[in-house]
Each structure stands twice: as C-alpha cells, then as structure tokens.
Amino acid sequence: MSLAPGSTIGIIGGGQLGRMLAMAAARLGYRTIVLEPQADSPAAQVANRQIVAAYDDSAALAELAGASAVVTYEFENVPVAAAEILASRVPVYPPARSLEVAQDRLTEKNFLNGIGVPTAEFCPVDTDDHLTVALKKFSGSGVLKTRRMGYDGKGQRVFRNMEAGGFAGTCEAMGNVPLILESLVAFEREISVIAARGQDGSVAAYDPAENIHREGILRTSTLPAAIAPDTALAAKEAVAKVLAALDYVGVIGVEFFVLADGSLLANELAPRVHNSGHWTEAACIVSQFEQHIRAVAGLPLGSPARHSDCVMENLIGDDMLKVPALLAEPDLMLHLYGKAESRPGRKMGHFTRIERRR
Ligand code: AMP
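Before going into details, it helps to say that this report is about the structure given with it. (Residues numbered from 1 in each chain as written. Predicted model: local features only at pLDDT ≥ 70, side-chain atom pairs only at ≥ 80, totals over all residues. Heavy atoms only, no water.)

1. What about the site of the ligand?
Right, so step 1: K145, Q156, S183, V185 and E190 are the nearest of the 15 residues found near the ligand.
Right, so step 2: Between the ligand and R105, the relevant distance is 3.0 Å, taken from an oxygen atom to a side-chain nitrogen or oxygen of the residue.
Right, so step 3: Between the ligand and E255 there is a distance of 3.4 Å, counted from an oxygen atom to a side-chain nitrogen or oxygen.
Right, so step 4: In the complex, 89% of the free accessible area of the ligand, which totals 480 Å², lies under the protein chains.
Right, so step 5: Mapped by element, the contributors of at least two residues to the shell around the ligand are β6 (142-146), β13 (250-258) and β14 (264-270).
Right, so step 6: Taken together, the residues of the shell around the ligand sort by class into five nonpolar, four polar and six charged.
Right, so step 7: Mapped onto the domain boundaries, the shell around the ligand takes at least three residues apiece from domain 2 (121-182) and domain 3 (189-355). (Near = heavy atom within 4 Å. Polar contact = N/O pair within 3.5 Å; in protein donor to acceptor, adjacent residues only side chain to side chain. Areas by Shrake-Rupley, 256 points an atom, 1.4 Å probe, with all protein chains shown as cover. Helix = DSSP H or I, 4+ residues; strand = E, 2+ residues; numbered from the N terminus. Nonpolar A, V, L, I, M, F, W, Y, C, P; charged D, E, K, R; others polar. Domains from an automatic or database assignment.)

Quick look at the structure:
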C-alpha cells in the first residue's frame, strides 16, 4: 500500500542528506519530521518539524514513531537498537539489518563476500601483533581502518612497503578500538552505483559515477565514468545482489575500486542516499532523493535514466567563495545546505555542471 499524500515521513538525522530527502518528500505531497540533536539543522530548516533529541532517546523515538507513517534515515550510524524499537511500531526502511551490515567493516566485507561480491583482502586487527602478522600477509602494504564509525577517510592509516615490526603503539593511536587491515588496492579508478529497490522488489540503478577523493573526502563525481560497458553492468548487477540479499527498500550507495583489467572490488556500502549520487538531481528526471522517498512510501520507482553528462563537485569550507562565479555559469545547478558556519573539511553545498545533453 502506498502512503497517502499528506502523510508524514520520519527522518533520523538532520544533515544535508535529510534536507534533500525532506525537499523531495514535500514535492511528492508528504510532510516530514526530523529527529536530530542539533537545533536548526540543515534538514529541520526545510522539514515540517524537528524533534531535538539524541538518536537513541527513547521518549523521542516513541514520539517519532507516533507522528510518522514510515521512518527512514539519512546516515548509517543510527543505533540498530533505535531502528528496532521504531520498527516494532512503524515501518522502517531500509531494514535494520542493512545498518548492522554497514556499521562494521568486518561484517560488511563478510556479507559482501558471502553473496559473491568480491572485496579487497582483509584481516581483523585488535593488537599491534595482529597488525604485524596481517601486514606480513599483505607484503607490507595495507590500509588500517577502524571497523566502526569511520567516514570521509577518518580513522584510517595507510602502510606502504613496511618492513616487519615497529608497530608498537599503533592500535593505541587508533583509539584501542576494533580495527581491520585491508590490502592496499592498486585501483585504476573509483566508481559508485546508486540504486533503489521498491517495496515490490523492483530495482532501478543509476549509471556508475566516477569519483575523485582528496584527503578521504569526495570532491567530484563524473558521468559517465571512463569504464567499459561490461564493467558498468557488472557493478549494477553486484548492487542488485546486495539489494536482494538485504530485502532492501530505499536507495543504497555502493563504492567500488576498478582494477586495470576492468574487474571490480566493492569497498563500502551506504544504506542511504549518497554524496556521489547528488548529480542525479540535475541530470535525471527522478533524483536519488525522490527515488528514496518513492521507495519508502511504496510508490513506483522512477526511471534512473540520465539525460545529460555531468560533473558534480562538492563545496567544502572556503569553496563557498566561488559561489557568485558559479552562479554566472549557464548550465549549472547549485545546492547549498544552509549551514551557518563554514569550516575546513565541512561540506557546505555542491553543484552539478551539465557537460553535454544526450
Ligand atoms: P573509505 O572510507 O573506505 O571509503 O576509504 C576512503 C578512501 O580511501 C577510498 O575512497 C580510497 O580512495 C581509499 N582507500 C580505502 N580503502 C583502500 C584500499 N583497501 N586500498 C586502496 N585505497 C583505499
């Protein structure tokens, strides 16, 4: 059954992704209520209402469940227990299982390999000795990451051609939390696929974007990616497997490394709308945000077809100074997030430049 116009969608998380979801929901005739501890959050500025409380505050969760016909979220570190409490009262999409999988890099890699989606090789690391053994296994090179709560390259350390030993204190410096060492992938490029699965099991996958990161933060997404058609198809098929295995409803983002022979290794999945899918709002009739709202509301998915080639670029910190010049360009769509204060490394907005109409 689809959600009647005028119904309320609950959104956990008040950042820019929640903001763009709330805007898409409004265009489809829905109301939104945001749960977010920070007052006047980017999402709350455009939603109908904000509950200012922690994501695991039980009174706030009860209030959100009572006020919403369906609940979704804009970030993957929503406490699984909170999603489960909500799910006992109101439909929650995507399912709590996808949070569990995405919150821990070890669980995520085991899940992906278990459904036949290859990843980089990996080893759990809890002590400096584990690290010594694991690095030896990967010939002295690897990326050490915190298993949980890492994002935008935070909580990561790269090792290249290390001799054995000398790692005393590494685990402590990483915060004495569970870690994972991944083999260092010599990728040719990085791509991501944004796809949606509806309540009827239908899947709509957008074309892969080619992504450039700097200091662990996404800078640009370019469409089309410079990959062979077979590689694009394989990436979409891998994402369809992930969606089916999780009995997923909503939009997902999956990042891949593309190797020199065109083969793919999945890096990370995000059970939500994704920064590398922002281009869809300018180059597709139905954006990833509308697609997510359609899915959680039980509406038919829209076409993921792309009517233009484009480049999306994030506006980070002082990039905001470029805004007047950007607005003077003809084929450019600007999106700012309503954040009062610009800080280095903070995502303030993005723009999509249409390169060529197809
Ligand atoms: P992540 O937080 O896992 O998305 O990693 C951030 C960025 O670090 C990725 O987009 C890659 O550019 C790089 N990176 C992460 N893992 C690896 C790896 N195993 N091998 C090589 N580069 C990596």
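2. So, the layout of surface pockets
Right, so step 1: Roughly 210 Å³ of internal volume is contained in the second largest pocket.
Right, so step 2: For the lining of the second largest pocket, the secondary-structure elements that each account for two or more residues are α1 (16-27), α10 (288-296) and β16 (332-336).
Right, so step 3: Top contributing element to the lining of the second largest pocket by residue count: α1, with four residues.
Right, so step 4: Two domains each put at least three residues into the lining of the second largest pocket: domain 1 (8-92) and domain 3 (189-355). (1 Å grid on protein atoms, 1.4 Å probe; cavity = no way out; pocket = protein on both sides within 12 Å on 5 of 7 lines; lining within 4 Å. Points joined across faces, edges and corners; volume = space filled by probe spheres on them.)

3. So, the side chain of T220
Right, so step 1: Mapped onto the elements, T220 comes out in strand β12 (residues 217-223).
Right, so step 2: Assessed through its relative accessible area of 17%, T220 is described here as buried.
Right, so step 3: Ignoring sequence-local partners within four residues, the contact set of T220 consists of E210, N211, I212, V311, M312 and E313. (Buried < 20%, exposed > 50% of the residue type's maximum accessible area, 1.4 Å probe, protein only. Contact = heavy atoms within 4.5 Å.)

4. Digging into the environment of A4
Right, so step 1: With respect to the secondary-structure elements, A4 resides in the segment before β1 (8-12).
Right, so step 2: Sequence-wise, A4 and G29 are 25 residues apart; in three dimensions their C-alpha atoms are separated by 8.6 Å.

5. Structural notes on the packing of aromatic side chains
Right, so step 1: Using the criterion set out here, one finds four aromatic pairs in the structure.
Right, so step 2: Centroid distance F159 to F167: 5.7 Å. Interplanar angle 85°. Geometry classified as edge-to-face. For the residue pair F159 and F167, the accessibility class agrees, reading buried in each case.
Right, so step 3: With a centroid separation of 6.0 Å and 80° between ring planes, the pair formed by Y206 and W279 is classed as edge-to-face. One end of the pair, Y206, is in the loop between β10 (203-205) and β11 (209-214); the other, W279, is in the loop between β14 and α9 (280-283), and 73 residues separate them in sequence. When sorted by exposure, Y206 lands in the same class as W279, which is buried. (Phe/Tyr/Trp six-rings, centres within 6.5 Å; stacked < 30°, edge-to-face > 60°.)

6. Comments concerning helix α5 (residues 105-114)
Right, so step 1: Among the residues making up α5, those that are buried are R105, L106, E108, K109, F111 and L112.
Right, so step 2: One or two positions beyond α5, positive phi appears at G116, with a value near 85°.

7. Here's the deal with the packing of α1 against α10
Right, so step 1: It is the contact of α1 with α10, at a shortest axis distance of 8 Å, that shows an interaxial angle of 65°. When the axis of α1 is compared with that of α10, the two are roughly perpendicular. The handedness of the crossing between α1 and α10 comes out as right-handed. In this structure, α1 uses L17, M20, L21, A24, A25 and R27 to contact α10, whose residues at the interface are F289, E290, H292 and I293. (Axes fitted to C-alpha atoms, helices over the stretch in contact; angles between N-to-C directions. Parallel < 35°, antiparallel > 145°, perpendicular 65-115°, else oblique. Left-handed = near helix turned anticlockwise from the far one by under 90°.)

8. Notes on the side chain of N267
Right, so step 1: Within the secondary structure, N267 is located in strand β14.
Right, so step 2: A residue is classified by how much of its surface remains accessible, and N267, at 9% relative accessible area, is buried.
Right, so step 3: Of note is the side chain of N267, whose polar atom sits 3.4 Å from the side chain of K145.
Right, so step 4: Apart from residues no more than four positions distant in its own chain, N267 is found in contact with E108, K109, K145, E182, E255, F256 and F257.

9. Remarks on the sheet that holds β1
Right, so step 1: Here we have four strands laid out as an open sheet, ordered β3-β2-β1-β4, and parallel in their pairing. Looking at which strands have only one partner, the edges of the open sheet turn out to be β3 (49-51) and β4 (70-73). Across this sheet, the average inter-strand angle for adjacent strands is 25°, counted without regard to direction.
Right, so step 2: Taken together, the five bridges between β1 and strand β2 (residues 31-35) define a ladder with parallel strand orientation. Residue pairing in the sheet places I9 in a bridge with T32 of β2.
Right, so step 3: Packed on one face of the sheet, α1 meets β1, β2 and β4 and runs near 170° to β1. (Pairing = 2+ DSSP bridges.)

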